[in-house]
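Overview (structure and organization)
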Amino acid sequence: MPTTPNSPSTHDAEADPRNDDLQLYVNGRIVHRSLATVSVYDAGFMLGDGVWEGLRLYNGKWAFVDDHLDRLFEAAKAIDLDIAMTRAEVLAALDATAAANGMRDNAHARLMVTRGVKAKPFQDPRLSRCGPTVVIILEHSAPSAGTAERGLRLHTVPIVRGLPITQDPKLNSHSKLNCILAGIHALKAGADEALMLDPHGFVNTTNSCNFFIVRKGAVWTSTGDYCMNGITRQKVIDVCRDEEIAVFERNFSLVDTYGADESFVTGTFGGQTPVVEIDGRTIGDGRPGPTTKRIQGLYKALVAKDTA
């Protein structure tokens, strides 16, 4: 069946009219969203040449900010991109953007760094001669309660997460066409998101989030070799270990997945979002399960501790 505009997404947020009047950060200046622009010669616009992070603000503090900044600077180093800002300067830019919008809670930042404006519209990175472009989009963004209650329907797609020798899936780059095409395939099939396999046919991730199943009280996720090693993913693994919930990073198949008692996806925006159907098979009883709910509570407590 065709998808509808009301089809749930892991990034569904409650409507907030304040987002019509945001102040955004662009290369050291904070400007109204209507004036926030970058050049058509920018390497990010032209080639997807850049890296990014998503962060959430709780109690006036950025959750797990050191982990996010570590990942940002490691990704920039991997693609030989000089951010031209220190960690302290990046954090100050995030704080200044939040202050300009009067935000303390339920805010989500998209921090983007590209190789900057190019002298000519070609691929050679040496044509980016003006330094990086740094943009922060910060929105009032409370995850949709309805999506969390309904859960998601996934569809396994033929588009796989590739090998590191093509484009390492662990790199948080602007080049997301592989995931976008997977998402389109799932939407055309009437699902909410795509479930993607790794090159060997094992269950890996969705097009936008890390993927978990629960079998007989044990939590399973992929090895992490072919997916973004999400910060929320790691926090879920950590809280499971701390609370003596069996958790495994392992290869598993669609057969294991269809027979799961529960399933959920993880991401900075939504935390843990239940999955209730995969390829037309109902997962468990078709509702968020007890282990998922317990992990959601443990994760919220961890966020509260980190941002106290």
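Look a little higher up for the structure.
Residues numbered from 1 in each chain as written. Predicted model: local features only at pLDDT ≥ 70, side-chain atom pairs only at ≥ 80, totals over all residues. Heavy atoms only, no water.

**A word on the packing of helix α2 (residues 65-78) against helix α3 (residues 87-100)**
This is how the line gets drawn: Convention adopted: a line fitted to C-alpha atoms gives each axis, helices being fitted over their contacting stretch, and angles between N-to-C directions are expressed from 0 to 180 degrees. Strands are runs of DSSP state E lasting at least 2 residues, helices are runs of H or I lasting at least 4, and numbering of each runs from the N terminus. Reported orientations rely on four angle classes, namely roughly parallel under 35 degrees, roughly antiparallel over 145, roughly perpendicular from 65 to 115, and oblique for the rest. Handedness of a crossing is defined here by the sense of rotation of the near helix relative to the far one, left-handed for an anticlockwise turn of less than a right angle and right-handed for a clockwise turn. Should any heavy atoms of two residues lie within 4.5 Å, those residues are counted as being in contact. Gly falls in the polar group here, along with every residue not listed as nonpolar (Ala, Val, Leu, Ile, Met, Phe, Trp, Tyr, Cys, Pro) or charged (Asp, Glu, Lys, Arg).
Contact geometry of α2 with α3 gives a least axis separation of 11 Å together with a crossing angle of 120°. Accordingly, the angle class assigned to the pair α2 and α3 is oblique. α2 and α3 meet at a crossing whose hand is right-handed. Residues Val-65, Asp-66, Leu-69, Asp-70, Leu-72 and Phe-73 of α2 pack against Arg-87, Val-90 and Leu-91 of α3. Residue classes in the contact of α2 with α3 are distributed as six nonpolar, no polar and three charged.

**Things to note about the packing of aromatic side chains**
Keep this limit in mind: The pairing test for Phe, Tyr and Trp rings, Trp by its six-membered ring, is centres within 6.5 Å, and the orientation test on the planes gives stacked under 30 degrees, edge-to-face over 60, and tilted for anything in between. Relative accessible area decides the class of each residue, using a 1.4 Å probe on protein chains only: under 20% of the type maximum gives buried, over 50% gives exposed, and in between gives partly exposed. Only when the NZ of Lys or the CZ of Arg is both within 6 Å of the ring centre and within 35 degrees of the ring normal is a charge said to sit over the ring.
On inspection of all chains with the given rule, the structure shows three aromatic pairs. Consider the rings of Trp-220 and Phe-252, whose centres lie 5.8 Å apart with planes at 65°: the pair is edge-to-face. Remark: Phe-252 occurs in the loop between β12 (247-249) and α8 (254-258) and Trp-220 occurs in strand β11 (residues 218-221); sequence separation between them is 32 residues. This pair shows no difference in class: Trp-220 is buried, exactly as Phe-252 is. Above the ring of Tyr-258, the side-chain terminus of Arg-281 is found at 4.0 Å from the ring centroid.

**Observations regarding the environment of Gly-131**
Along the chain, Gly-131 turns up in the loop between β5 (107-114) and β6 (133-140). In this structure, the C-alpha to C-alpha distance between Gly-131 and Lys-118, residues 13 residues apart in sequence, is 9.5 Å. Setting aside residues up to four positions removed in sequence, Gly-131 forms contacts with Arg-115, Gly-116 and Val-117.

**Focus on the pairing of β6**
Put simply, the rule reads: Following DSSP output, two strands are said to pair if at least two bridges run between them.
Counting buried residues in β6 gives six out of eight residues, a clear majority hidden from the surface. Judged from the two bridges that link them, strand β1 (residues 23-26) and β6 form a sheet pairing that is antiparallel. In the strand pairing of β6, Tyr-25 is matched with Ile-136. Bridge count for β5 against β6 is eight bridges, and the pairing is antiparallel. Across the sheet, the residue bridging to Leu-111 is Ile-136, located in β6.

**Quick look at the sheet that holds β6**
Across the sheet, which stays open at both edges, the six strands sit in the order β2-β1-β6-β5-β3-β4 with antiparallel pairing between neighbours. Looking along the sheet, the strands with just one partner apiece sit at the ends: β2 (29-32) and β4 (61-62). Pairing geometry for strand β3 (residues 50-58) and β5, over eight bridges, is antiparallel. Paired with Gly-50 across the strands is Thr-114, a residue of β5. In the packing of α2 onto the sheet, contacts are made with β3, β4 and β5, and the angle to β3 comes to roughly 175°.

**What to know about the pattern of salt bridges**
Oppositely charged side chains may form a pair once their charged atoms are brought near each other. Rules: Any carboxyl oxygen of Asp or Glu within 4 Å of a side-chain nitrogen of Lys or Arg constitutes a salt bridge here.
For the structure shown, the criterion picks out 13 salt bridges. Here Asp-70 ties to Arg-87 by a salt bridge, and the two come within 2.7 Å at their closest N and O atoms. Here the residue Asp-70 occupies a position in helix α2, and Arg-87 occupies one in helix α3, the gap between them amounting to 17 residues. The exposure class of Asp-70 is partly exposed, given its relative accessible area of 34%. Given the relative accessible area of 33%, Arg-87 is considered partly exposed.

**Digging into helix α6 (residues 177-188)**
Since the α-helix turns once every 3.6 residues, residues separated by three or four places project in the same direction. Definition in use: For a helix, the expected span equals 1.5 Å multiplied by the residue count minus one. The arc in question is formed by the directions pointing from the helix axis toward the C-beta atoms.
For α6, built from twelve residues, the straight-helix expectation of 16 Å at 1.5 Å per residue is met to within 8% by its first-to-last C-alpha distance of 16 Å. Of the residues making up α6, those classed as buried are Cys-179, Ala-182, Gly-183 and Ala-186. Along the axis of α6, the buried positions cluster into a sector of 100°, meaning they face one direction only. Pointing more than 90 degrees away from the buried face of α6 are the exposed residues Leu-177 and Lys-188. At its buried positions, α6 is contacted by β7 (152-156) and β8 (193-197). The positive-phi residue at the C-terminal boundary of α6 is Gly-190, with phi of around 90°.

**Describing unusual backbone geometry**
Phi is positive for Asp-80, close to 60°, though the residue is something other than glycine. Along the chain, the position of Asp-80 falls in the loop between α2 and α3. Classification of Asp-80 by relative accessible area gives exposed; the value is 67%.

**Focus on the pairing of β8**
For β8, a buried count of five out of five residues is recorded, marking the element as mostly surrounded by other parts of the structure. The pairing of β7 with β8 spans three bridges and is parallel. Residue pairing for β8: Leu-154 is matched across the bridge by Glu-193. In the sheet, β8 pairs with strand β9 (residues 203-206) via three bridges, with the strands oriented antiparallel. Each bridged residue has a counterpart across the sheet, and for Leu-195 the counterpart in β9 is Thr-206.

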